[in-house]
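Take a look at the letters that make up each chain.
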Amino acid sequence: MSLLIKNGRVVTATDDFVGDVFIDGEKVHTLGKNLAMKADRTIDASNRLVIPGSIDPHVHMELPFGGTVSSDDFKTGTIAAAFGGTTSIIDFAIQYKGKTFQQTLDDWDAKAEGKCAIDYSYHLAVTEFEPRHAPEFKKVVDRGITTFKIFLAYPGVFMIDDQTMFRVMQSAGEAGGMTLVHAENGVAIQQMIDMLIAQGKVEPKYHAQSRPPVMQADGVARALRVGAFAKSPVFIVHVSCEASMNEIVRSRDEGHASFGETCTQYLFLDETCYDKPNFEGAKYVFTPPLVPKENIEPLWKGLKLGYLQEVSTDHCPFNFKGQKELGRGDFRKIPNGGPGVEDRLSLVYHGGVVERGFSLNKWVDICCTASAKMFGMFPRKGTIAPGSDADIVIFDHNRERTLSAKSHHMNCDYSLFEGMKIKGLPETVLSRGKVIIEDNQYKGRAGEGQFIKRGACAQM
Ligand SMILES: [Zn+2]
């Protein structure tokens, strides 16, 4: 099967020209102007942007959390991702007590296999590290998982101590991998949570009060310094505030391999969402929480200047009805997470390109290319070049639309961005040469998505 996309404005992280893309099977074959190749099918992309399929490197499908399970599984979540122009995701395989790393990855394979609409991988979240785990790092890297995740939050559940942090970072680095960190001061935050509950402060807004930016920045600084001490690259996930970003910048200025991402929710929403009536603040209970509005512009600036490398969603949806409601009367019982995997590419286009004058190249970089490089998938993913996978989005950048739970495809009964008017729609989406989204319909088959064996992480 061959496919010719004609007359689109082809934009990668570095290129920008009006022309054609010829796809042979699953791969991009040739780019150019007025290509003469005969194809089985031709798509006219006039007045459209033709960009690489985007990558969301931080999602949680079907994740057990707080006595319930995130409401998108690998099927519904990856179909929603595809509607949003995302053609690769990286989930988190979380090690439960007593499990080896290999068992953990086998468990996640069992959840994902045969279900995914797009290509996928995992980061391995290490929650327990005893001497018997040490030789496993190399085996995990050989399996194509080159990123390890640790939590400095959720004491008694996922949190590891500083000794374990050092050992994971060192072992990951020696195996050629990178350590991702959920960075907060989990212990001090727990103390604040206990105090708030004892005072009867149980509403959703106290979730945010219990874990303010200063406690995130504390975790970020500690993680980056331990990473420097262990001589290993460190990537901070879901940076929500300027103080944390500044720690990353400082560390990189000192010569360390320190990186970070932010998420769509932190680029558009602020802590006033917790004041919504009728327990609706619970819709915004995720960790880290939304922060004061003054942080939003610095995060956008950080993306523009390369302080932060990419934008993910931390997609981890729970329905308001029946799931978020578990926390009525006790914010500790609200499952942490929100829906987002479908909206990212368009939101960053709208907020970045339309509202703040980002170049199209920069938009593609922070949504598609940087993640491919950071997480060992470039140039197979993240660009349009001869030999790269034909993961391609034909993006109607002039289309105006309103985000809403009524029209989204995520299995979640609310949208974080309900009623927001934005510009831009991923109109046609290709996964390895096959059209999977067209005419606002999913045309693929669940299970066509393949596991991506990742290589070494680039030091950007
Ligand atoms: Zn997460």
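Residues numbered from 1 in each chain as written. Predicted model: local features only at pLDDT ≥ 70, side-chain atom pairs only at ≥ 80, totals over all residues. Heavy atoms only, no water.

Engineer: Looking at this structure, how should I read the side chain of Gln-216?
Structural biologist: Looking at the secondary structure, you find Gln-216 in helix α7 (residues 213-229). A polar side-chain atom of Gln-216 sits 2.8 Å from a polar atom in the side chain of Ser-244. Filtering out sequence-adjacent residues up to four positions away, Gln-216 remains in contact with Ala-183, Glu-184, His-238, Val-239, Ser-240, Cys-241, Ser-244 and Pro-288. (Helix = DSSP H or I, 4+ residues; strand = E, 2+ residues; numbered from the N terminus. Polar contact = N/O pair within 3.5 Å; in protein donor to acceptor, adjacent residues only side chain to side chain. Contact = heavy atoms within 4.5 Å.)

Engineer: What exactly am I supposed to notice about the sheet that holds strand β11 (residues 147-151) here?
Structural biologist: Within a beta sheet, neighbouring strands are joined by backbone hydrogen bonds and run either parallel or antiparallel to one another. Overall, parallel pairing links the eight strands, which are arranged β6-β9-β10-β11-β12-β13-β14-β15 in an open sheet. At either end of the open sheet lies a strand with only one pairing partner, and these are β6 (54-59) and β15 (310-312). Across the sheet, the mean angle separating the axes of adjacent strands is 30° when strand polarity is ignored. Alignment of strand β14 (residues 258-263) against β15, held across three bridges, turns out to be parallel. From the neighbouring strand, Cys-263 faces β15, where its bridge partner is Ser-312. Across the sheet, α7 touches β12 (178-182), β13 (234-236) and β14, and the angle it forms with β13 is around 170°. (Pairing = 2+ DSSP bridges. Axes fitted to C-alpha atoms, helices over the stretch in contact; angles between N-to-C directions.)

Engineer: How do you make sense of the packing of α7 against helix α8 (residues 242-253) when you look at a structure like this?
Structural biologist: Helix-helix packing is characterised by the crossing angle of the two axes and by the distance between the axes. Two numbers describe how α7 lies on α8: the axes approach to 8 Å, and their chain directions differ by 20°. With respect to their mutual orientation, α7 and α8 come out roughly parallel. The interaxial crossing formed by α7 with α8 has right-handed handedness. Two secondary-structure elements touch here, α7 through Gln-216, Ala-217, Val-220, Ala-221, Leu-224 and Arg-225 and α8 through Ala-243, Ser-244, Glu-247, Ile-248, Arg-250 and Ser-251. For the contact of α7 with α8, the residue count by class is six nonpolar, three polar and three charged. (Parallel < 35°, antiparallel > 145°, perpendicular 65-115°, else oblique. Left-handed = near helix turned anticlockwise from the far one by under 90°. Nonpolar A, V, L, I, M, F, W, Y, C, P; charged D, E, K, R; others polar.)

Engineer: Explain the coordination of the zinc ion here, please?
Structural biologist: Octahedral metal centres with six donors ideally show angles of 90 or 180 degrees, and tetrahedral centres with four donors ideally show 109.5 degrees. Of the protein atoms, only His-58 (NE2), His-60 (NE2) and Asp-314 (OD) coordinate the zinc ion, at distances of 2.1 to 2.2 Å. Motif for the zinc ion, donor spacing along one chain: H-x1-H-x253-D. One end of the pair, His-58, is in strand β6; the other, Asp-314, is in the loop between β15 and α11 (344-356), with 256 residues separating them in the sequence. On the basis of relative accessibility, which here comes to 1%, the residue His-58 falls in the buried class. (Donors = N, O, S within 2.8 Å, 3.2 Å for Na, K, Ca; no water. Buried < 20%, exposed > 50% of the residue type's maximum accessible area, 1.4 Å probe, protein only.)

Engineer: For this particular structure, what's the right way to read the pairing of strand β17 (residues 421-431)?
Structural biologist: For a regular strand, the rule is simple: side chains alternate between the two faces of the sheet. Counting buried residues along β17, eight of its 11 residues qualify, which places the element largely inside the surrounding structure. The pairing of strand β16 (residues 392-402) with β17 spans eight bridges and is classified as antiparallel. Residue pairing across strands places Arg-401 opposite Ile-422, the latter belonging to β17. In this structure, β17 lies alongside strand β18 (residues 434-438), joined through three bridges in antiparallel fashion. Counted as the bridge partner of Ser-431 is Lys-434 from β18. Connecting β17 to the next strand, β18, in antiparallel fashion are two residues, including Arg-432 with a positive phi near 45°.

Engineer: How should the packing of aromatic side chains be read in this particular structure?
Structural biologist: For any pair of aromatic rings, the description rests on two quantities: the centre-to-centre distance and the angle between the ring planes. Evaluated as defined, the whole model comprises 21 aromatic pairs. Between Tyr-122 and Phe-451, the aromatic rings sit 5.8 Å apart at their centres with planes inclined by 40°, giving tilted as the arrangement. Taken together, the residues span a long stretch of sequence, with Tyr-122 in strand β10 (residues 119-125) and Phe-451 in the segment after β19 (441-442) at a distance of 329 residues. The buried category is assigned to Tyr-122, whose relative accessible area is 1%. In this structure Phe-451 comes out as partly exposed when scored by relative accessible area, which is 27%. Consider the rings of Phe-268 and Phe-417, whose centres lie 6.1 Å apart with planes at 80°: the pair is edge-to-face. Linking Phe-268 in helix α9 (residues 264-268) with Phe-417 in the loop between β16 and β17, this pair joins segments that are 149 residues apart in sequence. Given the relative accessible area of 2%, Phe-417 is considered buried. Over the face of the ring belonging to Phe-129 we find Arg-167, whose NZ or CZ atom lies 4.5 Å from the ring centre. A cation sits over an aromatic face here: Lys-283 above Phe-320, 5.3 Å from the ring centre. (Phe/Tyr/Trp six-rings, centres within 6.5 Å; stacked < 30°, edge-to-face > 60°. Lys NZ or Arg CZ within 6 Å of the ring centre and 35° of its normal.)

Engineer: Any chance you could explain the nonpolar core here in plain terms?
Structural biologist: Nonpolar side chains tend toward joint burial in soluble globular proteins. Within the largest apolar cluster, 129 residues are counted, with the highest numbers of intra-cluster contacts made by Leu-124, Met-169, Val-181, Ile-236 and Trp-363. The element best represented in this core is helix α12 (residues 360-374), accounting for eight residues. Setting aside residues no more than four positions away along its own chain, Leu-124 makes contact with Ala-93, Phe-101, Thr-104, Leu-105, Val-140, Ile-145, Thr-147, Phe-148 and Lys-149. In terms of nonpolar packing, the next biggest core, distinct from the first, is built from 15 residues, Leu-3, Ile-23, Ile-43 and Val-435 among them. (Core = buried A, V, L, I, M, F, W, Y, C linked by side-chain atoms within 4.5 Å.)

Engineer: Mind showing me how you'd approach helix α1 (residues 74-83) here?
Structural biologist: An α-helical turn contains 3.6 residues, so a residue and the one three or four places further along point in the same direction. Among the 10 residues in α1, eight count as buried, and that is most of the element. Restricting attention to buried positions, one finds in α1 the residues Phe-74, Gly-77, Thr-78, Ile-79, Ala-80, Ala-81, Ala-82 and Phe-83. Buried residues belonging to α1 abut β9 (86-94), α2 (101-112), β17, β18 and β19. Measuring from the backbone nitrogen of Lys-75 back to the side-chain oxygen at the start of α1 gives 2.9 Å, which picks out Asp-73 as the cap. Just beyond α1, the residue with positive phi is Gly-85, at close to 85°.

Engineer: Whenever I open this one, the pattern of salt bridges confuses me. Can you help?
Structural biologist: Side-chain pairs of opposite charge can arise where the charged atoms are in close proximity. The final tally for this structure, using the stated rule, is 34 salt bridges. In this structure, the salt-bridge partner of Arg-48 is Glu-427, at a minimum N-O distance of 2.7 Å. Linking Arg-48 in the loop between β4 (41-44) and β5 (49-52) with Glu-427 in strand β17, this pair joins segments that are 379 residues apart in sequence. Assessed through its relative accessible area of 22%, Arg-48 is described here as partly exposed. In this structure, the salt-bridge partner of Arg-356 is Glu-355, at a minimum N-O distance of 3.7 Å. Owing to a relative accessible area of 23%, Arg-356 belongs among the partly exposed residues under this scheme. When salt bridges that share partners are traced, they join Glu-26, Lys-27, Asp-119, Arg-380, Lys-381, Asp-389, Asp-391 and Arg-432 into one network. (Salt bridge = Lys/Arg side-chain N within 4 Å of Asp/Glu carboxyl O.)

Engineer: What is the right way to look at the environment of Phe-92 in this model?
Structural biologist: Tracing the chain through its elements places Phe-92 in strand β9. A residue is classified by how much of its surface remains accessible, and Phe-92, at 1% relative accessible area, is buried. With sequence-adjacent residues up to four places away left out, Phe-92 is seen in contact with Pro-57, His-58, Val-59, His-60, Trp-108, His-123, Lys-149 and Leu-180.

The values reported here are purely geometric and, on their own, carry no functional implication.
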